[in-house]
Amino acid sequence: MEALLRRELGCASVKATGHSGGGCISQGQSYDTDRGRVFVKVNSKPEAKRMFEGEMASLTAILNTGTVKVPKPIKVLDAPGGGSMLVMEHLDMRYLSSYAAQLGAQLADLHLDNKKLGESLLKEAGTVGRGGGHAERPFIDQFGFDVVTCCGYLPQVNDWQQDWVAFYAQQRIQPQMDMVEKGSGDREALELWSALQLKIPDLFQGLEIVPALLHGDLWGGNVAEDSSGPIIFDPASFYGHSEYELAIAGMFGGFSSSFYSAYHSKIPKAPGFEKRLQLYQLFHYLNHWNHFGSGYRGSSLNVMRNLIR
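The rules behind each value
- Residues numbered from 1 in each chain as written.
- Predicted model: local features only at pLDDT ≥ 70, side-chain atom pairs only at ≥ 80, totals over all residues.
- Heavy atoms only, no water.
- UniProt positions renumbered as here; feature names shortened; annotations may be inferred.
- Phe/Tyr/Trp six-rings, centres within 6.5 Å; stacked < 30°, edge-to-face > 60°.
- Helix = DSSP H or I, 4+ residues; strand = E, 2+ residues; numbered from the N terminus.
- Buried < 20%, exposed > 50% of the residue type's maximum accessible area, 1.4 Å probe, protein only.
- Pairing = 2+ DSSP bridges.
- Axes fitted to C-alpha atoms, helices over the stretch in contact; angles between N-to-C directions.
- Left-handed = near helix turned anticlockwise from the far one by under 90°.
- Contact = heavy atoms within 4.5 Å.
- Nonpolar A, V, L, I, M, F, W, Y, C, P; charged D, E, K, R; others polar.
- Core = buried A, V, L, I, M, F, W, Y, C linked by side-chain atoms within 4.5 Å.
- Polar contact = N/O pair within 3.5 Å; in protein donor to acceptor, adjacent residues only side chain to side chain.

An unreviewed UniProt entry lists the protein chain under the name protein-ribulosamine 3-kinase, with Microcebus murinus given as the organism. Quoted verbatim from the Sequence similarities (unreviewed entry) heading of the UniProt record, the comment on the protein chain is "Belongs to the fructosamine kinase family."

A. How the structure looks around the packing of aromatic side chains. A full pass over the atoms with the stated rule returns 16 aromatic pairs. Where Tyr168 meets Tyr244, the ring centres are 6.1 Å apart and the plane angle is 70°; that geometry is what we call edge-to-face. One end of the pair, Tyr168, is in helix H4 (residues 164–184); the other, Tyr244, is in the loop between strand S11 (238–240) and helix H6 (245–249), with 76 residues separating them in the sequence. Comparing Tyr168 with Tyr244 shows no difference in burial state: the two are buried.

B. Quick look at the pairing of strand S2 (residues 27–33). Alignment of S2 against strand S3 (residues 36–43), held across 7 bridges, turns out to be antiparallel. Across the sheet, the residue bridging to Gly28 is Lys41, located in S3. Two successive antiparallel strands, S2 and S3, enclose a turn made up of 2 residues.

C. Just the packing of helix H5 (residues 187–199) against helix H9 (residues 297–308), in detail. Two elements in contact, H5 and H9, have axes whose closest approach is 9 Å; the angle formed by their N-to-C orientations is 35°. Relative to H9, H5 is oriented so that their crossing is left-handed. Residue-level contacts link Glu188, Ala189, Leu192, Trp193, Ala195, Leu196 and Lys199 of H5 to Arg297, Leu301, Met304, Arg305, Leu307 and Ile308 of H9. Tallied by class, the residues present in the contact of H5 with H9 amount to 9 nonpolar, no polar and 4 charged.

D. Highlighting the environment of Met251. Considering the arrangement of structural elements, one finds Met251 in the loop between H6 and helix H7 (257–266). Taking the C-alpha atoms as reference points, Met251 and Gly220, 31 residues apart in sequence, are found 9.4 Å from one another. Every residue in contact with Met251, bar those within four places of it in the chain, is listed here: Gln281, His284 and Tyr285.

E. Summary view of the nonpolar core. Residues Trp164, Phe204 and Met304 are the most contacted members of the largest nonpolar core, which totals 64 residues. Looking at this core element by element, the count peaks at 9 residues for helix H8 (residues 273–292). Ignoring any residue separated from it by four or fewer positions in sequence, one finds Met304 in contact with Met177, Ala189, Leu192, Trp193, Leu196 and Leu282. One finds Cys11, Val14, Tyr31 and Leu77 within the second-largest nonpolar core, a separate group that totals 12 residues.

F. Quick peek at the side chain of Glu225. Following the sequence through the fold, Glu225 ends up in strand S9 (residues 223–226). Here Glu225 falls in the buried class, since its relative accessible area comes to 0%. A polar contact is formed between the side chain of Glu225 and the backbone nitrogen of Ser98, at a distance of 3.1 Å. If sequence neighbours within four positions are ignored, Glu225 has contacts with Asp92, Met93, Arg94, Tyr95, Leu96, Ser97, Ser98, Tyr99, Pro230 and Ile231.

G. Structural context of the side chain of Ser242. As for its position among the elements, Ser242 is in the loop between S11 and H6. Using a relative accessible area of 13% as the deciding quantity, one classes Ser242 as buried. Aside from chain neighbours lying at most four places away, what touches Ser242 is His111, Ala212, Leu214, Tyr263 and Ile267.

The following block contains the structure:
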């Protein structure tokens, strides 16, 4: 591994530090190099390269907004013995505590970044002698992402779409329902989904949704802090509705009231927020069902029943 990293990163010296980490999807290890400490995530699955390329694109997109700290991605490499690995900057991370409110504010800034970009380009276009394609980052006016990203190890369909409601139903829930059907043929789940599809547009009446760059998998295990402030990592990004981000955040704990207060002071709750939050949690319950088995079936069906009522 050290020789591979020396060659690929152009380093004179690479030495394992003994710092390791990882979740239920990939394993990680830190290395000291003459160019600084790096963290290497390794996954032996054949589809790991697609997963890590999506993560690298996600980290890059968030980094480019300058709103919230993420580890700088360096390179995706083929792993020795099969699979793939993602090399990134090593950050000394600890449990999020002191900077929860700051994370809430910075996450709102991330979600507002594209909207503000659009507003400033519009302003420039109306200013004589300015405007006209010089922006470093373009305004994104659709929902989706340039590459496939994975929530866990399952790929997300990120094809660009103009309509958020159609994007969410067709490219988030439908692929999960297709996996449920293939895996268990659960008739009740399929019947509930047929009924729910008709109700979804009603949850978005009178709402104008500007595409927001999302982390995409923001639960308590993917946030931390260091001495300089909050950090988010392991993203599964795409441009979507900002409310979607808060769904998984509320499912498994890890976020304090100060986080939410700071966030909503910049992005207030719109009418119907609570019901839409349930709709967005449905994706994560289904995704967990498809990752980890039928222990998440009951939660998935309950959400659908509640939304159909």
